[in-house]
Amino acid sequence: MNREVTLPLIVDDRGTLQVAASDVSKLLRTVGGRWLRLVEAGEESLDEDTVAALTIELAKLADRIDVACIAHSSGQSP
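The structure presented is a predicted model; accordingly, all values stated were derived computationally and were not measured.

Draft legend 1. Focus on a negative patch on the surface. Taken together, the side chains of Glu40, Asp47, Glu48 and Asp49 make up a negatively charged region of the molecular surface. Given a relative accessible area of 55%, Glu48 falls into the exposed group.

Draft legend 2. Fine view of the side chain of Ser25. Mapped onto the elements, Ser25 comes out in helix α1 (residues 21-40). For Ser25, a relative accessible area of 4% puts it in the buried group. Of note is the side chain of Ser25, whose polar atom sits 2.9 Å from the side chain of Asp66. Excluding its chain neighbours within four sequence positions, the residues that come into contact with Ser25 are Ala62, Ile65 and Asp66.

Draft legend 3. Summary view of the packing of α1 against helix α2 (residues 48-73). Axis separation between α1 and α2 bottoms out at 9 Å; the angle between their running directions is 165 degrees. In terms of orientation, α1 and α2 fall into the roughly antiparallel class. For the pair α1 and α2, the crossing hand works out as left-handed. Contact residues: α1 offers Ala21, Val24, Ser25, Leu28, Arg29, Val31, Gly32, Trp35, Leu36 and Val39, while α2 offers Glu48, Val51, Leu54, Thr55, Leu58, Ala59, Leu61, Ala62, Asp63, Ile65, Asp66 and Cys69. Tallied by class, residues from the contact of α1 with α2 come to 15 nonpolar, 3 polar and 4 charged.

Draft legend 4. Expanded view of the environment of Asp66. Counting through the fold element by element, Asp66 comes out in helix α2. Along the backbone, Asp66 and Ser25 are 41 residues apart, and their C-alpha atoms lie at a distance of 7.0 Å.

Draft legend 5. Just α2, in detail. With 26 residues, α2 should cover 38 Å at 1.5 Å per step; its first-to-last C-alpha distance of 37 Å lies within 8% of that length. Residues of α2 that are buried: Val51, Thr55, Leu58, Leu61, Ala62, Ile65 and Ala71. Elements in contact with the buried residues of α2: α1. The first or second residue beyond α2 is Gly75, which carries a positive phi of 80 degrees.

Draft legend 6. Summary view of the pattern of salt bridges. Overall, the coordinates contain 3 salt bridges when judged by the stated rule. Notably, a salt bridge pairs Asp63 with Arg29, separated by 2.9 Å at the nearest N-O pair. Of the two residues, Asp63 sits in helix α2 while Arg29 sits in helix α1, which places them 34 residues apart along the sequence. Residue class for Asp63 comes out partly exposed when judged on its relative accessible area of 38%. We classify Arg29 as partly exposed; its relative accessible area is 35%. A salt bridge links Glu57 to Lys60; the shortest N-O distance between them is 3.3 Å. In this pair, Glu57 and Lys60 both sit in helix α2, 3 residues apart, roughly one turn of the helix. Judged by its relative accessible area of 41%, Glu57 falls in the partly exposed class.

Calculation rules
- Residues numbered from 1 in each chain as written.
- Predicted model: local features only at pLDDT ≥ 70, side-chain atom pairs only at ≥ 80, totals over all residues.
- Heavy atoms only, no water.
- Patch = residues over 30% accessible without salt bridge, like charges linked within 9 Å, V, L, I, M, F, W, Y side chains within 5 Å.
- Areas by Shrake-Rupley, 256 points an atom, 1.4 Å probe, with all protein chains shown as cover.
- Salt bridge = Lys/Arg side-chain N within 4 Å of Asp/Glu carboxyl O.
- Lys, Arg positive; Asp, Glu negative; His and termini not counted.
- Charge placed at Lys NZ, Arg CZ, Asp CG, Glu CD.
- Buried < 20%, exposed > 50% of the residue type's maximum accessible area, 1.4 Å probe, protein only.
- Helix = DSSP H or I, 4+ residues; strand = E, 2+ residues; numbered from the N terminus.
- Polar contact = N/O pair within 3.5 Å; in protein donor to acceptor, adjacent residues only side chain to side chain.
- Contact = heavy atoms within 4.5 Å.
- Axes fitted to C-alpha atoms, helices over the stretch in contact; angles between N-to-C directions.
- Parallel < 35°, antiparallel > 145°, perpendicular 65-115°, else oblique.
- Left-handed = near helix turned anticlockwise from the far one by under 90°.
- Nonpolar A, V, L, I, M, F, W, Y, C, P; charged D, E, K, R; others polar.
- Expected span 1.5 Å × (residues − 1).

Put into structure tokens, the structure is as follows:
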């Protein structure tokens, strides 16, 4: 499955970025980690396989954001 995801950036009226990419990637990893902990704690309303798949996809997206930021800061295209 190779789907592109476009995340709108939050900017002010002068074009200043209000949400750092590192915060977004950290949030994605945190959400996945919390879901996993809920499953490990026995939360019955969560399907373990679905949580695992979603957590992996969130981590992949966070990785893509990090790689794009590294490439941008080094002057390269991702």
